[in-house]
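A structural walkthrough
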Amino acid sequence: MRIAIYPGTFDPITNGHVELIQRASCLFDHIIIAVAVSSRKSPYISLDDRVALAQEVFASASTVRVEPMSGLLVDFAEQHKARFILRGVRNTADMNDELQLANVNRELSPKIETLFLPALLSSTPISSSMVREIAELGGDISPFVPHPVVVYFQQQKKPWH
Ligand code: COA
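In this report, we go over the structure that sits alongside the text. (Residues numbered from 1 in each chain as written. Predicted model: local features only at pLDDT ≥ 70, side-chain atom pairs only at ≥ 80, totals over all residues. Heavy atoms only, no water.)

**Thoughts on the site of the ligand**
As a structural note, the neighbourhood of the ligand is formed by 21 residues, with Thr9, Leu73, Arg87, Ser128 and Ser129 the closest of them. With respect to the ligand, the side chain of Lys41 contributes an N or O atom lying 2.9 Å from an oxygen atom. The backbone of Leu73 places a nitrogen or oxygen atom 2.8 Å from an oxygen atom of the ligand. Here the ligand loses 79% of its free accessible area of 950 Å² to cover by the protein chains. Secondary structure elements with two or more residues in the shell around the ligand: strand 1 (3-8), helix 1 (15-24), helix 4 (92-108) and helix 5 (128-136). At 3 residues, helix 4 tops the list of elements feeding residues into the shell around the ligand. Residue composition of the shell around the ligand, grouped by class: 7 nonpolar, 10 polar and 4 charged. (Near = heavy atom within 4 Å. Polar contact = N/O pair within 3.5 Å; in protein donor to acceptor, adjacent residues only side chain to side chain. Areas by Shrake-Rupley, 256 points an atom, 1.4 Å probe, with all protein chains shown as cover. Helix = DSSP H or I, 4+ residues; strand = E, 2+ residues; numbered from the N terminus. Nonpolar A, V, L, I, M, F, W, Y, C, P; charged D, E, K, R; others polar.)

Dropping the structure here:
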């Protein structure tokens, strides 16, 4: 079984994440979206809500699962018998960060391999913080996020940035 972990904060999940997972689906038997606690980033959306949103987006995808992740990514991968970590790369800045992350993870667990997939050009400008900022300022986030995320932000009353 080729199992890959796709980790991130997903604060919130965006179309960029979704298209990457869809394209990677033919490469793996299972993809586990690992929604990180990310205490370093102090996410704006609660862990439960970030997980629930990703679950709703992939509800009909039988080979994609969503789980919360605390602790080390490599430990999470080993617990789930995953040999691969999947990461998207949008530009050269991402590549620099990703190489560092991949090398650290290889030091921690040499048997887990990181695979990079180039993001579509149309996903290049998307980031979760950009989505939050547009939502806070009353803009339309629907071009950038899946429908459940649009609904989620419409239901919130607090500022998001
Ligand atoms: N399309 C659109 N946006 C994308 C994207 C894509 N394909 N890929 C990444 N992004 C965006 C994200 O939305 C995010 O935006 P934001 O900064 O505005 O919130 C940004 O790029 C960074 O995302 P990502 O690279 O996924 O970082 P992250 O902080 O969300 O996740 C972890 C980092 C969770 C993977 C990493 O911290 C981790 O592995 N933590 C576990 C602890 C651990 O093992 N540490 C040791 C290794 S360092």
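**So, the packing of helix 2 (residues 47-57) against helix 6 (residues 147-155)**
Where helix 2 meets helix 6, the axes come as close as 8 Å, and the angle between the chain directions of the two elements is 140°. The angle between helix 2 and helix 6 falls in the class oblique. Contacts between helix 2 and helix 6 involve Asp49, Leu53, Glu56 and Val57 from the first element and Pro148, Val149 and Tyr152 from the second. Here the residues of the contact of helix 2 with helix 6 are counted per class, giving 5 nonpolar, no polar and 2 charged. (Axes fitted to C-alpha atoms, helices over the stretch in contact; angles between N-to-C directions. Parallel < 35°, antiparallel > 145°, perpendicular 65-115°, else oblique. Contact = heavy atoms within 4.5 Å.)

**A look at the pairing of strand 5 (residues 113-118)**
Across 6 bridges, the pairing between strand 4 (residues 84-89) and strand 5 is parallel. Following the sheet pairing, Phe84 is matched in strand 5 by Glu113. Since strand 4 and strand 5 lie parallel, the crossover through helix 4 that links them has a hand, and here it is right-handed. (Pairing = 2+ DSSP bridges. Right-handed = clockwise from strand over helix to strand, strands pointing away.)

**What about the pairing of strand 4?**
With 6 of its 6 residues buried, strand 4 lies for the most part within the structure. Alternating positions in strand 4 separate into two faces, Phe84, Leu86 and Gly88 on one and Ile85, Arg87 and Val89 on the other, with burial throughout. In this structure, strand 1 lies alongside strand 4, joined through 2 bridges in parallel fashion. Bridging across to strand 4, Ile5 finds its partner in Ile85. (Buried < 20%, exposed > 50% of the residue type's maximum accessible area, 1.4 Å probe, protein only.)

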